[in-house]
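Working through the structure, step by step
The residues making up each chain are set out below.
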Amino acid sequence: MLAAVRNFAKSWPAKILMAVLAISFIGWGVNQGGTSLVGGDQVIKVGSRTITSLEFRSEYDNYKKRLEQQQGQPITTEQAQAGNLDAVVLNGVATREAFSEMLSRVGIKPGDKLILEQIQKIPAFFDPISGRFDKKTFQQRLGENGMTPERFDAVLRDEMASQHWAVAVQNGLTVPRAYGALASVFALESRDLAYVTLGVNAVPQPAAPTDAQLQAFINENKAQLTLPEMRVLTVVPFTPQGAGAANAPIDPAELQKRYEFRKDTLSKPEVRTVVQIPAKDAATAQKVAAALRAGQAPEAVAKSVGVDAVTFADRPLSAISDRKVGQAAFKMQAGEVATVQGDLGTAVVKVVSVVPGRVVTLEEARPMLEAEIRKDLVTEKVYAQTQAYDDAQQGGASLADAAQKAGVAATTVGPITAQGVNEQGAQLQGFPPKILETAFALPSGGESEVTELGDGAYFAVRVERILPAHVPPLAEIRPMVTRAYMQREIVKALEAKAEAIRARVAKGESLDAASGMTVSRLPGLTRQTANQQQALGGEVLGRTFASKQGDVWVARAPNGIVVGRVETVRTDSGPTAARLAEENRGALTQVLFREMGEAAQAYARTKLKTKVDAARARNAVGFEPVTDEKGAAEKKK
């Protein structure tokens, strides 16, 4: 929402701080509750700052919208509620407000002059004609984003205070050289790894499971095997593509009428460069006019009489603020000077240049106007279809019959989940999420009203059947469950054998003798070269670099179970280590700065005794109230 506002905030300290704040916002989980409930219509209270239910709903909606854009699919109310999204937003906003309040209390406050200067630099608030800051445009842009000037001022002050704090902390911040030395040792350390891999053929195949064993397996893995709720839907689409009016012939009279109406806006108006110098009396006006006619520079002439020259560079008549001055200037010739009694007083006007306007012809405008007319025809046709559908429904027709009377084909979809996945587990491509969201809010047999879909399209949907979430019976999933059961038993056998080998090596046997297998060896393995050994898997590589010399361990790999032993650990203390030690200080400084930011926010929230009202926050976003048990638990936090 404030993308335009942040045009001025592009310095690296600001970007670092914003990253800190973003991490903190997401990181404050549902267990970081406030100290107590707050009174009145206040969801958050910290010092002089409050966030009301309406403001919190706006914060929640914006955060939810960003998550949906990142995931590429909508988040239903049920999903948001299950994921405690209200608590995530509540604690993130509370932390942010506490940090801003703390900065204000310690005296980090941008002055009014600085705030005004920054506001007047934001292009979104410029008048498109004059190219200057315009108060009306400023207020209009804020209104479009649901903000008041007061709220915008507060947000801008908080952001600038955060930037000032970031610059103050970041400047001169450097970690000790010892930190860089430790990092270089970590990076250059090399290890010799010996290991054996136990594959599926290393143990006997388990016996085929009985029905009782399979059923027990299903019960143990009920959560993973449960199929989500699915629904069968009948959808009635009202789309521009299906309206059949996109290629309709254009009425010449309508085209001419549209052209006459749009001609002035489509044509390029005459523009002029005009210099206007205010004059307090006739004598001054005469002196200024004479000087301009003599070829003196307008700025110098204006300065000689104690005023500033006003220049309108390549502007149309409508852009000249004094109506009478503009009318007079647009009747003069280029180079002409005249004294004009304007609405705002006497002024001497000089026309510097004239660029004639140009009228767009009908033929030039035809493609655009025809496209507009066809779009309007399609819109009218779609609207007529929705009206015919509504009329038929109100007359008692079923959804399918009403669609037929409206000239639209109803389509049956499903079974399908709320995320658009069919019974085969495939994502239904191109199916609008809004239809799913509407359909999954209806009961079985429920029908929606005609609902706007966007881009001139509408829809109605009926829930024909609901298939509740359930675990399929054994008969339906026997092959799949049997494979999973057998795989689990093989893994258990492999892990038991690997553990036996590990125990023998730990008692002093060699890996070769304990395993009875050919041992693989990777000498000189470093954290950099580990990327070339991804076939071993992350768990094996992780254990390799987490173990001490001589340690023997068991880890899972993509192709089996690995028993590994770190035989040698070496470090590099030469010139390369010294160079990396210095290079690593920069990255470590950034880590330190981030941690300082997180600590500062945590301190602010605790020190200022930030208060939040979780129940009011849930109510503000439309969630179900917490139960007494949950509510009591929240109050104890």
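To be clear, the structure that these remarks concern was listed above.
First, a word on what this report is: a plain description of the structure on this page. (Residues numbered from 1 in each chain as written. Predicted model: local features only at pLDDT ≥ 70, side-chain atom pairs only at ≥ 80, totals over all residues. Heavy atoms only, no water.)

**As for the overall build of the chain**
Quick reminder of the rule: Secondary structure is summarised from DSSP: a helix means a run of H or I of at least four residues, a strand means a run of E of at least two, and numbering begins at the N terminus for each. The buried label goes to any residue with under 20% of its type's maximum accessible area, the exposed label to any with over 50%, and the partly exposed label to all in between, with areas taken from a 1.4 Å probe on protein chains only. Note that accessible areas follow from Shrake-Rupley with a 1.4 Å probe, and for residues the cover is restricted to the protein chains shown.
Looking only at helices and strands, the chain has 24 helices and 15 strands in total. The burial tally for the chain puts 38% of its 637 residues in the buried class. Here the chain has roughly 35300 Å² of accessible surface; of this, 53% comes from carbon and sulfur atoms.

**Brief notes about unusual backbone geometry**
In this structure, Pro-415 follows Gly-414 across a cis peptide bond, with omega equal to 5 degrees. A positive phi angle is found at Asn-84, which is not glycine, with a value near 55 degrees. Relative to the helices and strands, Asn-84 resides in the loop between helix 3 (77-82) and helix 4 (85-105). Positive phi is not limited to glycine here, since Lys-609 has a value of about 50 degrees. Inspection of the secondary structure assignment puts Lys-609 in the loop between helix 22 (575-607) and strand 15 (611-612). You can call Lys-609 exposed: its relative accessible area is 58%.

**Points about the pairing of strand 13 (residues 552-557)**
Selection rule: In this scheme, strands are said to pair when DSSP sees at least two bridges between them.
With six bridges connecting them, strand 13 and strand 14 (residues 560-570) associate as antiparallel partners. Paired with Ala-555 across the bridge in strand 14 is Val-562. Once strand 13 ends, the chain turns through two residues before running back antiparallel as strand 14.

**Details of helix 13 (residues 282-293)**
Counted only if it meets this: By this rule the span expected of a helix is its residue count minus one, scaled by 1.5 Å. Within this analysis, the arc is defined by the directions that extend from the helix axis to the C-beta atoms. Contacts: residue pairs with any heavy atoms within 4.5 Å of one another. N or O atoms closer than or at 3.5 Å make up a polar contact, with two conditions inside protein: a donor-capable atom paired with an acceptor-capable one, and, for residues adjacent in sequence, both atoms drawn from side chains.
With 12 residues, helix 13 should reach 16 Å at 1.5 Å per residue; the first-to-last C-alpha distance of 16 Å fits that figure. Turning to helix 13, its buried residues are Thr-284, Ala-285, Val-288, Ala-289, Ala-291 and Leu-292. All buried residues of helix 13 lie within an arc of 165 degrees about the axis, which places them on one face of the element. Across from the buried face of helix 13, at angles greater than 90 degrees, the exposed residues are Ala-282, Ala-283, Gln-286, Lys-287 and Arg-293. Against the buried residues of helix 13 lie strand 5 (271-278), helix 14 (298-304), strand 7 (337-342) and strand 8 (345-355). The N-terminus of helix 13 is capped by Asp-281, whose side-chain oxygen sits 3.4 Å from the backbone nitrogen of Ala-283. One or two residues past the end of helix 13 sits Gly-295, with phi positive at roughly 95 degrees.

**Concerning the nonpolar core**
We count it as follows: For our purposes a nonpolar core is just a set of buried Ala, Val, Leu, Ile, Met, Phe, Trp, Tyr and Cys residues, chained together by side-chain atoms within 4.5 Å.
Counting 21 residues, the largest nonpolar core has Ile-44, Phe-56, Tyr-60 and Leu-90 as its most contacted members. Examining the composition of this core, we find that six residues originate from one element, helix 4, more than from any other. Once residues within four sequence positions are removed from consideration, Phe-56 is found in contact with Val-43, Ile-51, Asp-86, Val-89, Leu-90, Ala-617, Ala-620 and Val-621. One finds Ala-498, Ile-501, Leu-511 and Ala-514 within the second-largest nonpolar core, a separate group that totals 15 residues.

**Focus on the pairing of strand 11 (residues 457-467)**
In this structure, strand 4 (residues 230-238) lies alongside strand 11, joined through nine bridges in antiparallel fashion. Note on strand 11: the bridge partner recorded for Met-230 is Leu-467. Joining the antiparallel neighbours strand 10 (residues 451-454) and strand 11 is a turn of two residues, in which Asp-455 adopts a positive phi near 55 degrees.

**What to know about the sheet that holds strand 11**
Put simply, the rule is: As a rule, the C-alpha atoms of each element are fitted with a line to give its axis, helices using only the stretch in contact, and angles between N-to-C directions run from 0 to 180 degrees.
In space, the four strands of this open sheet follow the order 9-4-11-10, with antiparallel pairing throughout. The strands lining the two open edges of the sheet, one partner per strand, are strand 9 (411-416) and strand 10. Strand-to-strand twist of the sheet, defined as the mean angle between neighbouring strand axes without regard to direction, takes the value 40 degrees. As paired elements, strand 10 and strand 11 share three bridges and run antiparallel to each other. Residue Gly-454 lies in a different strand from strand 11, and its bridge partner there is Ala-457. Contacting strand 4 and strand 11, helix 16 (residues 362-394) crosses the sheet at an angle of about 125 degrees to strand 4.

**Remarks on the packing of aromatic side chains**
The cut-off we apply is this: Two rings belonging to Phe, Tyr or Trp (six-membered ring only in the last case) form a pair when the distance between their centres is within 6.5 Å. Interplanar angles under 30 degrees mark stacking, angles over 60 mark edge-to-face geometry, and anything in between is tilted. Whether a charge sits over a ring comes down to the Lys NZ or Arg CZ being within 6 Å of the ring centre and within 35 degrees of the ring normal.
This structure, assessed with the given rule, holds three aromatic pairs. Ring centres of Tyr-60 and Phe-623 lie 5.9 Å apart, and the angle between their planes is 90 degrees; this geometry places the pair in the edge-to-face category. Highlighted residues: Tyr-60 in helix 2 (residues 53-71) and Phe-623 in the loop between helix 23 (614-620) and helix 24 (628-636), separated in sequence by 563 residues. Using a relative accessible area of 6% as the deciding quantity, one classes Phe-623 as buried. Between Phe-238 and Tyr-389, the aromatic rings sit 5.5 Å apart at their centres with planes inclined by 70 degrees, giving edge-to-face as the arrangement. With a gap of 151 residues between them, Phe-238 in strand 4 and Tyr-389 in helix 16 connect regions that are remote in the sequence. On the accessibility criterion, Tyr-389 (1% relative accessible area) is buried. Against the face of Phe-440 rests Arg-231, its NZ or CZ located 4.8 Å from the ring centre. Just above the ring of Phe-330 sits the side chain of Arg-272; from NZ or CZ to the centre is 5.0 Å.

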